[in-house]
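# Secondary and tertiary structure notes
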Amino acid sequence: MSKLQDLDYDSVFKEYPDIVNTEQMCEMLGSICIKTGYQLLKEHQIEYFHIGRKYMIPKVCVIDYILSSVQSKPNRKIEKEDNLNYPLIVQ
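The text that follows walks through the structure, step by step, so that each part is easy to find. (Residues numbered from 1 in each chain as written. Predicted model: local features only at pLDDT ≥ 70, side-chain atom pairs only at ≥ 80, totals over all residues. Heavy atoms only, no water.)

Our focus in this paragraph is the overall build of the protein chain. Looking only at helices and strands, the protein chain has three helices and five strands in total. N-terminal to C-terminal, the α/β element order of the protein chain is β-α-α-β-β-α-β-β. The buried share of the protein chain, taken over its 91 residues, is 27%. Here the contacts in the protein chain between residues at least 6 apart in sequence split such that 49% fall between residues at least 24 apart. Counting every atom, the protein chain has about 6400 Å² of accessible surface; 50% of that belongs to carbon and sulfur. (Helix = DSSP H or I, 4+ residues; strand = E, 2+ residues; numbered from the N terminus. Buried < 20%, exposed > 50% of the residue type's maximum accessible area, 1.4 Å probe, protein only. Contact = heavy atoms within 4.5 Å. Areas by Shrake-Rupley, 256 points an atom, 1.4 Å probe, with all protein chains shown as cover.)

Put into structure tokens, the structure is as follows:
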């Protein structure tokens, strides 16, 4: 997770716990639908572990997924809107 070395981890998604559930992960990713969230996990695009039947996702893995998605599309820029608590990706 070398992408996170220069990131101030404490300032990103500070309202979420260090280990999030699937619903929280979907909120962090811009309120994607739960089906899309499970697809990301099933395709191993976001790392996770199980406790019983529940998916447990380290917050740092969600952040890493966001950063890798942005870095794989270098022609995009990130803008922060005042009323949003997550970055908005603009083409």
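Our next topic: the side chain of Thr-22. Looking at the element boundaries, Thr-22 is found in helix H1 (residues 22-28). Excluding residues within four positions of it along the chain, Thr-22 makes contact with Ile-34, Tyr-38, Leu-41, Tyr-55 and Ile-57.

Moving on, we get to a nonpolar patch on the surface. On the surface, Ile-19, Phe-49 and Ile-51 cluster together into a nonpolar patch covering about 260 Å² of accessible area. By the secondary structure assignment, Ile-51 is in strand S2 (residues 49-51). (Patch = residues over 30% accessible without salt bridge, like charges linked within 9 Å, V, L, I, M, F, W, Y side chains within 5 Å. Salt bridge = Lys/Arg side-chain N within 4 Å of Asp/Glu carboxyl O.)

Under the criterion given, the structure shown has one salt bridge. Put simply, Asp-18 and Lys-59 hold a salt bridge, and the shortest N to O gap is 4.0 Å. Of this pair, Asp-18 sits in the segment before strand S1 (19-20) while Lys-59 sits in helix H3 (residues 59-71), placing them 41 residues apart in sequence.

Here the focus is the sheet that holds S1. In spatial order, the strands read S1-S3-S2; together these three strands make up an open sheet with antiparallel pairing. The outermost strands of the open sheet, each flanked by one partner alone, are S1 and S2. Sheet topology note: the S2/strand S3 (residues 54-58) ladder contains three bridges and is antiparallel. By the bridge assignment for S3, Ile-51 is matched with Lys-54. This element, H3, spans S1 and S3 of the sheet and lies at about 65 degrees to S3. (Pairing = 2+ DSSP bridges. Axes fitted to C-alpha atoms, helices over the stretch in contact; angles between N-to-C directions.)

Okay, unusual backbone geometry next. Phi at Phe-13 takes a positive value of approximately 50 degrees, unusual for a residue other than glycine. Here Phe-13 is to be found in the segment before S1. By relative accessible area, Phe-13 is classed as buried at 9%. One non-glycine residue with positive phi stands out, namely His-44, at about 60 degrees.

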